[in-house]
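Structural description and commentary
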Amino acid sequence: MPEDRIAVRISVNGVPCEREVPPRLLLVDFLRHELRMTGTHVGCAHGVCGACTVMIDGRTARSCLTFAVQADGCEIRTVEGLAPEEGLDPVQQAFHEHHALQCGYCTPGFLMATHQLLSETPDPSEEEIRTALAGNLCRCTGYVNIVRAVQAAAARLAGDAHGR
Amino acid sequence: MGGDAAAFRHIGRRVPRREDRRLLRGEAQFFDDVPKPPGTLYMGCVRSTAAHADILRVDGTAATALPGVHAIFTGRDLAGAIKAMAADHGKKGFKSTTRDVMPADRVRYVGDTVAVVLAEDPYLLEDALDLVEVDYAELPAVIGLDEALAEGAPRLHPEIDDNVPFVTAACTEGFEQAFAAADLVVADTFTSTRMAGVSMEPRGCMAVWDRGLGALTLWSSTQVPHLLRSALSELLGLPESRLRVIAPDVGGGFGPKAHVYPEEIVAAAVARRTGRPIKWVGDRQDDFVTTTHARDYRLRLEMALSADGTILAVRNRLDVNIGAYVCFPFGANAETGGGAIYLPGAYRFAHYDYVARSVMTNKAPTGVYRGVAAPIAHMAAEGLLDRAAARLGLDPVELRRRNLLRPDEYPHVNAAGIRSDSGSHVECLRLALEDIGYEAFRRQQPEDRLRDGLLHGIGIVCITEHTGQGAARYRARGLHRVPGFEGVVVRIEPDGQVIAATSQATQGQGHLTVFAQVIAENLGVEPEDVTVMEGDTAVAPFGSGTFASRGAVLAGGAAQRASTALADKIRRIAAHQLEAAPADIELVGGRARVVGVPDMGISLREVAAIAHSMESRTLPPGDEYGLEAKAFYDPPGVVLANAVHAARVAVDPQTGRVQVLRYAVAHDCGRVINPMLVAGQVHGGIAQGLGQALMEGVVYDETGQLLTTQLLDYLLPTACDVPDITIRHVETPSADTLLGIKGAGEGGVIGSVPAIAAAVNDALAPYGAFVSRLPLSPETVLALIDGGRRP
């Protein structure tokens, strides 16, 4: 079934990428197949589980429900863009210290959702954390340590902001 | 913590995980992330849309006419290349059935694989799958237990004259007299909806055939790489020496991925046939339709008690709807046998009578899933205790306390014949009651349970978890294809770095950390200095794989054995150089040194260089080159972990919604290697049990069509459903296992299903209603309220 291809310019983690893509190519497959950035995972392909969550122009979005052509001209941020060259960012570090991941398949989505939450609500209540993460499913952790990790990350980021 | 915890440097500590960094940075490699070789074709499966039918015609003409679509293979095309699965063949007490990996003539459930299509691109593959035409001649389908058991019911398999491939039964001597002596008999029938395991990563695999070597490598999201390799060998007729299975990072398992699946076998056969690398990526719908389901039970339980609440005897009649095929490699009894023998747990009773049957229907095959039969068996037993407490006018906790096994009653052989060396039920009960605030809650709880328009209830249950099963147990249970043991090889490379490989495969349990802790303990290094590898049959020793809460016990034991053997060799080499006795050498801080003379020592790097003949000094006479030790561990039987779970719920009598407000658990998995990771296992298990208790359920219609094929239909708990959880670790080391370890993978789910049900029983006390059916969806709860006595 021959398909027309459409040129897109998408910036991923600050790196501009120009490709010609089929109109039906999903953003998650653009990342995974075209760019070989496999940190973003597909858990359900229906926008329910949140494993594929990325940031589009600073807002979390389901990359399994977004066509690559819809992201034309946008800034995408993925899990690969969170950490510094070595080591972990404060949210990743908190997830590590609080054992907030087991198999790790859902984790990139949770990291993106946590970043969005903490950028908007730097000092969230437990209820606000749970509500913000309710769109991401984890089958391993029971969310207990994820919530604790987000609380710890919020405290650390607040401390850092205060210190500066 | 155990009194001797101070004797350990690494075991028992909250060591952060070795595996996290890659996962957090997006650098992990799940099977779909493994770079695919040039020429890879994507495989898609044409699934049966009929629950029971003869295949009349499969037409792939339109599909294969699409440019980029390479081929279609039907069951007939591959008939000579793949043997049928026969998990129970030759097993005493079983009626063996076979499963065609890809049926050529007849389909037996919605999801059977009728054909596979190969295409260059996954999008194109979807187009092609839509164009495959299949004609069926439908046959009568049996969906429910009663239909399948009815006289003259349609038969699923020609080999057996009924739909019951397995029955297990036992009765203690004197049962009838004991039962007849009861002052009170409580009874009910409990049903548990089918469940799906729902690992966040759906199943998938990639098969690469090496024509020159005649060898095959299969990457698969499996929990059992060695068992999968053996199955590939058996079903494809290839020697195991030319088969390699690699489980890379695996995104959750929970049991369903511990089976061997048709797609793995077909992908391998097609790779061999075409010479092209073949990749199959299951999507969520495929996963719901074809990955083994679990827990489709109906359990009729009767409990006889004396007037003081002493349990005298229990009668258990269990039927399990196992679906269209027996799971491979476990067999028809995987869940059914468990439902019989897991039931006697924390309580003392001498008389038990059970009959448990596996029943085949035109639904997806069921298989092992976290907790196997124990959550529903314990829910039924605990549910009857709640009923008995109400009848006797006793507090439910007091009734349980009267029947709990005390520490001085161990070792104990229960009424199902299961021996257990230790248990700490009384202590766990004390701690869980304290943490949930039981006394205060009861004092403040209104008679009508109502506060702010909600019915508040509390549930306390005492459970056991069968862990660390070895070869003898698997033979006794008729699970002959499970080797039962595990193996570990530990090696120090010429540069002094420690590397180990285990026969297990991790899906997030933290194996790469806990086994490093055990090895580091014995070699006198830090856990971060030990690299542990798993999941690759070319690297790892043979073993069973990861399921049934066996990892810490068996691979932990094998790691203990291998690393102590290696430590002995290091001591001999060091002693030879330091002119001391090996017994006087201690391994500390990466050095082998003379006890009491810390300056007299040599580094592991030097020992490694000597062992590999890479410097002037030589090995002691009689020692082999290299610095490596391999060990297997097979514990004598089964080791029972125990726990007390305490849940507080609020039930909305208007909407039927159940909310879990507080949760506390005190558990005992013997010696704890890493309390942080054990807590993680408990948390996750509790959340899965909460899902089973309140919302999850696989639903088929009466024609065998699966209605729950997406996460929009099959609900999982979210962060808003699972409360914070308080955990206490009680450590009663097992006398039966190395290091005293008991398993911890399943206790969470085993405890939370009955605990939440018990809390709902308590909340509904004014209505005299008791839970007998899961999930406790709003409709089920409202029906319980409406069916009960209005206060």
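Rules of the game
- Residues numbered from 1 in each chain as written.
- Chains lettered and ligands numbered in written order.
- Predicted model: local features only at pLDDT ≥ 70, side-chain atom pairs only at ≥ 80, totals over all residues.
- Helix = DSSP H or I, 4+ residues; strand = E, 2+ residues; numbered from the N terminus.
- Rg over C-alpha atoms; globule rule 2.2 N^0.38 Å.
- Contact = placed C-beta atoms within 7 Å.
- Buried ≥ 20, exposed ≤ 12 C-beta atoms within 10 Å, placed from the backbone.
- Arc of directions from axis to C-beta.
- Nonpolar A, V, L, I, M, F, W, Y, C, P; charged D, E, K, R; others polar.
- Domains from an automatic or database assignment.
- Core = buried A, V, L, I, M, F, W, Y, C linked by C-beta atoms within 7 Å.
- Pairing = 2+ DSSP bridges.
- Axes fitted to C-alpha atoms, helices over the stretch in contact; angles between N-to-C directions.
- Parallel < 35°, antiparallel > 145°, perpendicular 65-115°, else oblique.
- Left-handed = near helix turned anticlockwise from the far one by under 90°.
- pLDDT = per-residue confidence, 0-100.

Bringing the overall build of chain A into the picture now. For chain A, the helix and strand inventory stands at 5 helices and 5 strands. Starting at the N terminus and ending at the C terminus, chain A contains elements arranged as β-β-α-β-β-β-α-α-α-α. In summary, chain A has a C-alpha radius of gyration of 16 Å against a globular reference of 15 Å for 164 residues, a match within 12%. Its C-alpha atoms give chain A principal-axis dimensions of roughly 50 × 35 × 25 Å. Put simply, of all contacts in chain A between residues at least 6 apart along the chain, 58% involve residues at least 24 apart.

Below, the discussion takes up helix 17 (residues 604-611) of chain B. All names here are of chain B. Of all the positions in helix 17, only L604, V607, A608, I610 and A611 are classed as buried. Down the axis of helix 17, the buried side of the element spans an arc of 160°, and every buried residue falls inside it. Against the buried residues of helix 17 lie strand 22 (486-492), helix 16 (551-578), strand 26 (591-594) and strand 27 (597-603). A positive backbone phi angle near 55° is found at S613, which sits one or two residues after helix 17.

Here we come to the interface of chain B and chain A. Every contact between the two is made by 44 residues of chain B and, on the other side, 43 residues of chain A. If you list the elements that add at least two residues to the side of chain B that touches chain A, you get helix 1 (20-24), helix 3 (122-131) and helix 18 (675-694) of chain B. Among the elements that line the side of chain B that touches chain A, the one with the most residues is helix 18 of chain B, at 7 residues. Of the residues assigned to the side of chain B that touches chain A, the class counts are 22 nonpolar, 12 polar and 10 charged.

All names here are of chain B. Partitioning chain B into domains gives domain 1 (8-27 + 485-633), domain 2 (34-139 + 198-290) and domain 3 (371-470 + 637-787). Taken over C-alpha atoms, the centre of domain 1 sits 38 Å from the centre of domain 3. Each partner contributes residues to the interface: domain 1 has 23 residues there, and domain 3 has 22 residues. Looking at the side of domain 1 that touches domain 3, the elements that each hand over two or more residues are helix 15 (511-523) and helix 16. Here the side of domain 1 that touches domain 3 takes 7 residues from helix 16, the largest share from any one element.

In this structure, V117(B), A432(B) and I756(B) are the most contacted members of the largest nonpolar core, which totals 321 residues. Discounting chain neighbours no more than four positions away, the residues touching V117(B) are G44(B), V46(B), G60(B), A63(B), V69(B), I72(B), L125(B), A128(B), L129(B) and V132(B).

All names here are of chain B. The strand order 20-21-29-30-31 describes an open sheet built from 5 strands, whose pairing is mixed. In this open sheet, the two edge strands, each paired with only one partner strand, are strand 20 (450-451) and strand 31 (725-729). Here 13 bridges tie strand 21 (residues 454-467) to strand 29 (residues 639-651), and the two strands are oriented antiparallel to one another. Each bridged residue has a counterpart across the sheet, and for I458 the counterpart in strand 29 is R648. Across the face of the sheet, helix 19 (residues 747-763) comes into contact with strand 21, strand 29 and strand 30 (658-668) while running at roughly 150° to strand 21.

Another point: the domain arrangement of chain A. Residue and element names in this part refer to chain A. According to the domain assignment, chain A contains domain 1 (6-81) and domain 2 (90-163). Here the C-alpha centre of domain 2 lies 22 Å away from the C-alpha centre of domain 1. Listed by partner, the interface residues are 13 residues for domain 1 and 11 residues for domain 2. Looking at the side of domain 1 that touches domain 2 element by element, the count peaks at 3 residues for strand 3 (residues 53-56). Residues that form the side of domain 1 that touches domain 2 fall into these classes: 6 nonpolar, 7 polar and no charged.

This part takes up the sheet that holds strand 4 (residues 106-107) of chain B. All names here are of chain B. On the basis of which strands lie adjacent, the open sheet formed by 3 strands has the order 4-2-6 and antiparallel pairing. Every interior strand has two partners, whereas the edge strands, strand 4 and strand 6 (133-138), have only one. For strand 2 (residues 53-59) and strand 6, the ladder comprises 6 bridges, and the chain directions are antiparallel. Bridge assignment links D54 to a residue of strand 6, and that residue is A137.

For the rest of this paragraph, the subject is the packing of helix 2 (residues 90-97) of chain A against helix 3 (residues 107-120) of chain A. The packing of two helices is summarised by the inter-axis angle and the distance between the axes. All names here are of chain A. Helix 3 packs onto helix 2 with a crossing angle of 125° between their chain directions and a minimal axis gap of 10 Å. Taken together, the axes of helix 2 and helix 3 are oblique relative to one another. Relative to helix 3, helix 2 is oriented so that their crossing is right-handed. Judged by residue contacts, V91, Q92 and F95 of helix 2 engage T107, L111, T114 and H115 from helix 3.

For the rest of this paragraph, the subject is unusual backbone geometry. Residues F328(B) and P329(B) are joined by a peptide bond in cis, for which omega reads 10°. Turning to its location among the elements, P329(B) is positioned in the loop between strand 16 (311-323) and helix 9 (336-341). The omega torsion of the bond from Y410(B) to P411(B) falls at -5°, within 30 degrees of zero and hence cis. Within the secondary structure, P411(B) is located in the loop between helix 11 (396-403) and strand 18 (412-413). Even without a glycine there, the phi angle at N13(A) is positive, about 50°. Mapping N13(A) onto the fold places it in the loop between strand 1 (6-12) and strand 2 (15-21). C-beta crowding within 10 Å serves as the criterion here: with 17 such atoms nearby, N13(A) is assigned to the partly exposed category.

Another point: the environment of M55(A). All names here are of chain A. Relative to the helices and strands, M55 resides in strand 3. Given 22 C-beta atoms within 10 Å, M55 falls into the buried group. M55 has contacts with T60, I76, R77 and M112, leaving out every residue within four places of it along the chain.

Attention now moves to the confidence of the model for chain B. Here chain B averages 96 in pLDDT, and 99% of its residues register 70 or above. Reported confidence for the predicted complex is 0.97 by ipTM and 0.97 by pTM.

Another aspect to go through is the environment of T502(B). Residue and element names in this part refer to chain B. Tracing the chain through its elements places T502 in strand 23 (residues 498-502). Note: C-alpha distance between T502 and G535 (33 residues apart in sequence) is 7.9 Å. Every residue in contact with T502, bar those within four places of it in the chain, is listed here: E486, V488, H511, F515, V532, E534, A540, A555 and A559.

Residues and elements named next belong to chain B. Orientation of helix 18 relative to helix 19, taken along the N-to-C sense of each, is 40°, at an axis distance of 7 Å. In this view, helix 18 runs oblique relative to helix 19, as classed from their interaxial angle. Considering the relative orientation of helix 18 and helix 19, their crossing is right-handed. For the pair helix 18 and helix 19, contact is made by Q681, V682, H683, G684, G685, I686, Q688, G689, L690, Q692, A693 and L694 and by G747, G748, V749, G751, S752, V753, I756 and A757, respectively. Tallied by class, the residues present in the contact of helix 18 with helix 19 amount to 9 nonpolar, 11 polar and no charged.

All names here are of chain A. Looking at chain direction, strand 3 and strand 4 (residues 59-62) are connected through 4 bridges and run antiparallel. Bridge pairing links I56 to R59 in strand 4. The antiparallel hairpin formed by strand 3 and strand 4 contains 2 residues in its connecting segment, where D57 sits at a positive phi of about 50°.

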